[in-house]
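In case you want the letters, here they are:
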There are 2 protein chains.
Amino acid sequence: MVSNLPSLDKLIHELSKLPGIGNKTAGRLAYHILKSPEHFAHELSEAVEQVKRNVRECSHCYSYTETEEQCMYCTDPKRSNDVLCVVEDPSDISRIESSGAFRGRYHVLHGALSPLDGVTPQDLKIDPLIQKIRESQTGDECITEVILALDADLEGDTTVLYLAKILGEMGVNTTRIAHGVPIGGDIDYIDFRTLGRAIENRVQL
Amino acid sequence: MVSNLPSLDKLIHELSKLPGIGNKTAGRLAYHILKSPEHFAHELSEAVEQVKRNVRECSHCYSYTETEEQCMYCTDPKRSNDVLCVVEDPSDISRIESSGAFRGRYHVLHGALSPLDGVTPQDLKIDPLIQKIRESQTGDECITEVILALDADLEGDTTVLYLAKILGEMGVNTTRIAHGVPIGGDIDYIDFRTLGRAIENRVQL
């Protein structure tokens, strides 16, 4: 979409860099911003600047934190220290939190291994993870279980295999979240790989 | 989606005010902006501010213009003055321009009549339209045809009926763009109202 107005074209161009926003949607959004009251555009623009200015990585788990040096999950005294949940991205933490099924600590890898895209173990927060577990083993509060909550795709699987080997050698109990039929899922519409995994990992009743 | 980080939650909140962007998509976009390099967020935020600062309404057709008092369609000497195309929104102009089928002038109503939502003729740029046509009738360059390129919904239909009556009384030849089967459209999948209109407005071969 080209409007022939430099400022509008520039906004359409910037918006279309966002994931899932094509040129047509970017055009619709840009015209909406143009039509909206001044304060809306100003608040949106401020919010974009603020998020980059205020939010930074937690020095302990590499998730995001705003006011403190460490994030709310690392500083919460009510959470258990002996179970560590490893995720790919900080956004995965809110999802897991909303399930209410986990009350331990987190560790964010910031991606998954992908040799084809040139993502190696050095590009991820794997070394700090190993160091964190090693330190816990010599200290008072030992991490007894590491739960790998990585995506169920090729990159996630590669990372799980890589981490399971290293953590196994370190003598840590390593688990992976279950893959199977989603709740509310109809078996008719589930792909055969998921169904295969669901049968393989069936649960004793 | 709630991240528990005030700046991130604020950005998610602002983004979810955009049309077609739900809370989940807003979350995905906000995390993407957070992960992107500093300059991307800055350029996006600048583009939002700039568009509101630089773009204003054309004083003649009420479309948008950036550098000049009047827009590029009103000032282009190569465009014909005797045909006027009436549209609802400035974004409709880029669509019509990309068809290449129209080389006259434009007039933007900034909406369509909708008694249920309280949109009356006074809320639209209808008075300036009537004045523009009246002035042309007393001057040298008379507008001989007004093409109504309004949406094919209830509001568009209402506005077409309203304008056709007024313009008819002023003795202006008023037309409406054709409604029918879209190019590439399969008759199997066209709704019965569109098909009815296509048959009604059939063209002599």
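Just so you know, these numbers come straight off a predicted model, no measurement behind them.

About the cut-offs
- Throughout, a residue's number is its position along its own chain's written sequence, starting from 1.
- Each chain gets a letter, beginning with A, and each ligand a number, beginning with 1, in the order they are written.
- It should be noted that, the model being predicted, local features are given only for residues of pLDDT at least 70 and side-chain atom pairs only at 80 or more, the latter also being counted only at that level, while totals for whole chains, interfaces and linings use all residues.
- Excluded from the side-chain calculation are hydrogens and water; included are all heavy atoms of the structure.
- By the criteria applied, helices consist of DSSP H or I runs no shorter than four residues and strands consist of E runs no shorter than two, each listed in order from the N terminus.
- A simple rule labels every residue: compare its accessible area, found with a 1.4 Å probe on the protein chains alone, to the largest value its type can have, and call it buried under 20%, exposed over 50%, or partly exposed in between.
- Any pair of residues with heavy atoms lying within 4.5 Å of one another is described as a contacting pair.
- Take the accessible area each of two parts loses on contact, using a 1.4 Å probe, and add the two losses: that sum is the buried area.
- A side-chain nitrogen of Lys or Arg and a carboxyl oxygen of Asp or Glu constitute a salt bridge if their distance falls within 4 Å.
- Three residue categories are used. Nonpolar comprises Ala, Val, Leu, Ile, Met, Phe, Trp, Tyr, Cys and Pro, charged comprises Asp, Glu, Lys and Arg, and polar comprises the others, including Gly.
- How far each domain reaches was decided by an automatic or database domain assignment.
- Criterion used throughout: strands pair if DSSP finds at least two bridges between them.
- Here, the term right-handed applies to a crossover whose path from the first strand over the helix to the second runs clockwise when the strands point away from the viewer.
- A cavity here means a set of points on a 1 Å grid, drawn over the protein atoms and nothing else, where a 1.4 Å probe fits but cannot get out; a pocket is an open set with protein on both sides within 12 Å along at least five of seven lines, and a residue lines either one if it has an atom within 4 Å of a point.
- Grid points are joined across faces, edges and corners, and a volume is the space filled by probe spheres set on the points.
- For the least-squares superposition of copies, only C-alpha atoms count, and only for residues with pLDDT at least 70 in both.

**Here's the deal with unusual backbone geometry**
- Residue H110 of chain A is not a glycine yet carries a positive backbone phi of 60°.
- Relative to the helices and strands, H110 of chain A resides in the loop between β4 (105-108) and α6 (126-138).
- With relative accessibility at 22%, the residue H110 of chain A sits in the partly exposed group.
- The phi angle at Y62 of chain B is positive, at roughly 65°, despite the residue not being glycine.
- With relative accessibility at 17%, the residue Y62 of chain B sits in the buried group.

**As for the interface of chain A and chain B**
- Contacts between chain A and chain B engage 51 residues on the former and 51 residues on the latter.
- Sorting the residues of chain A by area buried against chain B places L34, K52 and Y64 of chain A first, and these three jointly supply 13% of that buried surface.
- Remark: the boundary between chain A and chain B carries four salt bridges.
- The salt bridge partner of D89 of chain A is K35 of chain B, with a shortest N-O separation of 3.8 Å.
- Counting only elements with at least two residues in the side of chain A that touches chain B, the list comes to α1 (6-15), α2 (23-35), α3 (38-54), β2 (64-65), α4 (72-75) and α5 (90-99) of chain A.
- Residue contributions to the side of chain A that touches chain B peak at 14 residues, all from α3 of chain A.
- Looking at side-chain class alone, the side of chain A that touches chain B contains 26 nonpolar, twelve polar and 13 charged residues.

**Focus: the domain arrangement of chain A**
- When cut into domains, chain A gives domain 1 (6-54) and domain 2 (78-176).
- When each unit is reduced to the centre of its C-alpha atoms, the spacing between domain 1 of chain A and domain 2 of chain A is 35 Å.

**Considering the pairing of strand β6 (residues 173-176) of chain B**
Residue and element names in this part refer to chain B.
- Two elements, strand β5 (residues 145-149) and β6, share four bridges in a ladder whose sense is parallel. Bridge pairing in β6 places V146 opposite T174.
- For the handedness criterion, the β-α-β arrangement of β5, helix α7 (residues 154-169) and β6 is classed as right-handed.

**What to know about empty space enclosed by the protein**
- Per the counting criterion, the structure on display carries one cavity of 30 Å³ or more.
- Approximately 90 Å³ is the volume found for the largest cavity.
- Lining the largest cavity we find S63, Y64, C71, M72, Y73, P90, I93 and S94 of chain A together with S3, L5 and Y31 of chain B.
- Where the lining of the largest cavity is concerned, the elements lending two or more residues are α4 and α5 of chain A.

**Observations concerning the relation of the copies chain A and chain B**
- Mapping chain A onto chain B leaves a residual RMSD of 0.0 Å; the transformation is a rotation of 180° accompanied by 0.0 Å of translation along its axis. Each copy turns onto its partner about a two-fold axis. Scanning chain A for the C-alpha nearest the rotation axis identifies S45 of chain A, at a separation of 2.2 Å.
- Interface overlap between copies: 100% of the residues of chain A at the interface are likewise at the interface in chain B, consistent with a symmetric, same-surface contact.

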